[in-house]
Amino acid sequence: MAWLLRAIASDGLIDSAAAAAAGAATGAPRRNQAMRFGDFPPWAAVLSERVEALARREGEGDDDDRRLMTSAAASSHPAPMFDQMILNSYLPGEGLRAHVDLDAFDDGVVVASLESAIMMDFYPPPPPDPAPAPDPNPNPNTNDDDATGDIPGGDGDVPGDATRRARGKRDDDDVPIQVWLQPGDVLFLCEDARWTWRHGIAARSHDVLVSEDGESARRVERGHRTSVTLRKMRHDAHELRVAA
Ligand SMILES: O=C(O)CCC(=O)C(=O)O
Ligand SMILES: [Fe+2]
């Protein structure tokens, strides 16, 4: 479940975040990421409080589909809802490898997208590993060390798409679901969108926006973009019982 909220961040917040990102990005070689745990700078505390108010907002009934953050995710974040922040800075042409955020953080990850629009790509999880095929030759004396031989769709020599999927490997040639993030948009990642789908940004200097009817397309040049991600460290992660 991924929800997008248009334009939460006021200009003042955007300016502060952009200035912080610019400050973090100074020096050589250029740094494009800064991480904070716990005490946020004032502008980030304001952003975090606004996001928290939205995520906890009442009046959406019991219909979880209408909430920005699932109630399970929201209630798993005792106040303050977020205690970790990453500030990312992207120049045109820069991207982000598709990934699932670390297990050390709870459900309900938030991305505030600032300054310049960008296309974020979402890749579904690979299908589960197939059940092992019955051994067609149960003769224990047969020496078959071709480890790929029993993978449906794979012939062991030519690693075709089906083979990669069958092995649970990921392929960035997969067609993503695309989400157009405009300055001020806030994206809430819960459940599958947080735990199993990968998200990433293609490294290119422009995006192509296709109209809703699919009839026309528009090229949009990327500018400098800043993103602020907010997360909550899982309680058990403090004791390093989960992968960090
Ligand atoms: O920059 C973004 O929009 C996403 C950043 C992200 O996915 C992350 O920090 O884990
Ligand atoms: Fe991420």
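Refer to the structure presented above.
Quick caveat: nothing in here was measured; it's all calculated off a predicted structure. (Residues numbered from 1 in each chain as written. Chains lettered and ligands numbered in written order. Predicted model: local features only at pLDDT ≥ 70, side-chain atom pairs only at ≥ 80, totals over all residues. Heavy atoms only, no water.)

### Notes on the coordination of the iron ion (ligand 2)
Here is the rule: Metal coordination here is assigned from N, O and S atoms located within 2.8 Å of the ion, or within 3.2 Å for Na, K and Ca; omission of water means that sites may look incomplete. Put simply, DSSP marks the helices as runs of H or I at least four residues long and the strands as runs of E at least two long, and each gets a number from the N terminus on.
The iron ion (ligand 2) binds to the protein through His99 (NE2), Asp101 (OD) and His199 (NE2), with metal-donor distances spanning 2.1 to 2.2 Å. For the iron ion (ligand 2), the donor residues sit on a single chain with the sequence spacing H-x1-D-x97-H. Here the residue His99 occupies a position in strand β4 (residues 96–99), and His199 occupies one in strand β9 (residues 198–201), the gap between them amounting to 100 residues.

### Structural notes on the site of ligand 1
To keep things clear, this is the line we draw: Throughout this document, a residue counts as near a molecule or strand when at least one of its heavy atoms sits within 4 Å of that molecule or strand. Two N or O atoms form a polar contact when they lie within 3.5 Å of each other; inside protein one atom must be a possible hydrogen donor and the other a possible acceptor, and for residues adjacent in sequence the pair counts only when both atoms belong to side chains. In short, Shrake-Rupley with a 1.4 Å probe defines the accessible areas, and a residue's cover is counted only from the protein chains shown. Under the scheme applied here, ten amino acids are nonpolar (Ala, Val, Leu, Ile, Met, Phe, Trp, Tyr, Cys and Pro), four are charged (Asp, Glu, Lys and Arg), and all others, including Gly, are polar.
All residues in the neighbourhood of ligand 1 are listed as Asn88, Tyr90, Leu96, His99, Asp101, Val111, Met120, His199, Arg225, Ser227, Thr229 and Arg231. A distance of 3.1 Å separates an oxygen atom of ligand 1 from a polar atom in the side chain of His99. Take Arg225: an N or O atom from its side chain is 2.7 Å from an oxygen atom of ligand 1. Out of a free accessible area of 300 Å², ligand 1 has 95% covered by protein chains. Secondary-structure elements contributing two or more residues to the shell around ligand 1 are β3 (84–90), β4 and β12 (225–231). It is β12 that provides the largest number of residues to the shell around ligand 1, a total of four residues. Residue composition of the shell around ligand 1, by class: four nonpolar, five polar and three charged.

### Structural notes on the packing of aromatic side chains
In this description, a pair of aromatic rings is defined by centroid distance and the angle of the planes. Which entries qualify depends on this criterion: The rule is short: rings of Phe, Tyr and Trp, with Trp giving its six-membered ring, pair when the centres are within 6.5 Å, and they are stacked under 30 degrees, edge-to-face over 60, tilted in between. By the criterion adopted, a ring carries a charge over it if an Arg CZ or a Lys NZ lies within 6 Å of its centre and within 35 degrees of its normal.
One pass over the full model with this rule turns up zero aromatic pairs. Sitting over the face of the ring of Trp195, Arg194 holds its NZ or CZ atom 3.7 Å from the ring centroid.

### Examining the nonpolar core
Note the following rule: By convention a nonpolar core is built from buried Ala, Val, Leu, Ile, Met, Phe, Trp, Tyr and Cys residues, the set being connected through side-chain atoms within 4.5 Å. Note on classification: 1.4 Å probe, protein chains only; a residue is buried when its accessible area is under 20% of the maximum for its type, exposed when over 50%, partly exposed between these limits. Any two residues whose heavy atoms approach within 4.5 Å at even a single point are treated as in contact.
In terms of nonpolar packing, the biggest core is built from 24 residues, with Val51, Met69, Phe82, Val110, Phe188, Val228 and Leu230 touching the most fellow members. The set of elements that each furnish at least two residues to this core consists of α2 (42–55), α3 (71–75), β3, β5 (109–114), β8 (185–189) and β12. With six residues, α2 is the largest single contributor of residues to this core. The residues contacting Leu230, other than those within four sequence positions of it, are Phe40, Ser48, Val51, Phe82, Gln84, Met85, Gly108, Val109 and Val110. Counting residues in each nonpolar core, the second largest holds 12 residues, with Tyr90, Val109, Met120 and Ile201 among its members.

### Considerations on α2
Here is the rule: Working rule for helices: expected span equals 1.5 Å times residues minus one.
Along its 14 residues, α2 runs 20 Å from first to last C-alpha, staying within 8% of the 20 Å computed at 1.5 Å per residue. Buried within α2 we find Trp43, Ala44, Leu47, Ser48, Val51, Glu52, Leu54 and Ala55.

### As for the environment of Asp174
With respect to the helices and strands, the residue Asp174 is situated in the loop between α4 (161–166) and β7 (177–181). Given the relative accessible area of 18%, Asp174 is considered buried. Separated by 50 residues in the primary sequence, Asp174 and Pro124 place their C-alpha atoms 8.8 Å from one another.

### Observations concerning the pattern of salt bridges
Defined as follows: Salt bridges are counted wherever a side-chain nitrogen of Lys or Arg sits within 4 Å of a carboxyl oxygen of Asp or Glu.
Under the criterion given, the structure shown has four salt bridges. Of the charged contacts, one joins Arg231 and Asp101 as a salt bridge, the two residues approaching to 2.8 Å between their closest N and O atoms. Taken together, the positions of Arg231 in strand β12 and Asp101 in the loop between β4 and β5 put the pair 130 residues apart, joining distant regions of the chain. With relative accessibility at 8%, the residue Arg231 sits in the buried group. Here Asp101 falls in the buried class, since its relative accessible area comes to 7%. One salt bridge connects Asp207 with Arg204, and the closest N-O pair in it is separated by 2.8 Å. Arg204 gets classed as partly exposed once you look at its relative accessible area, which sits at 28%.

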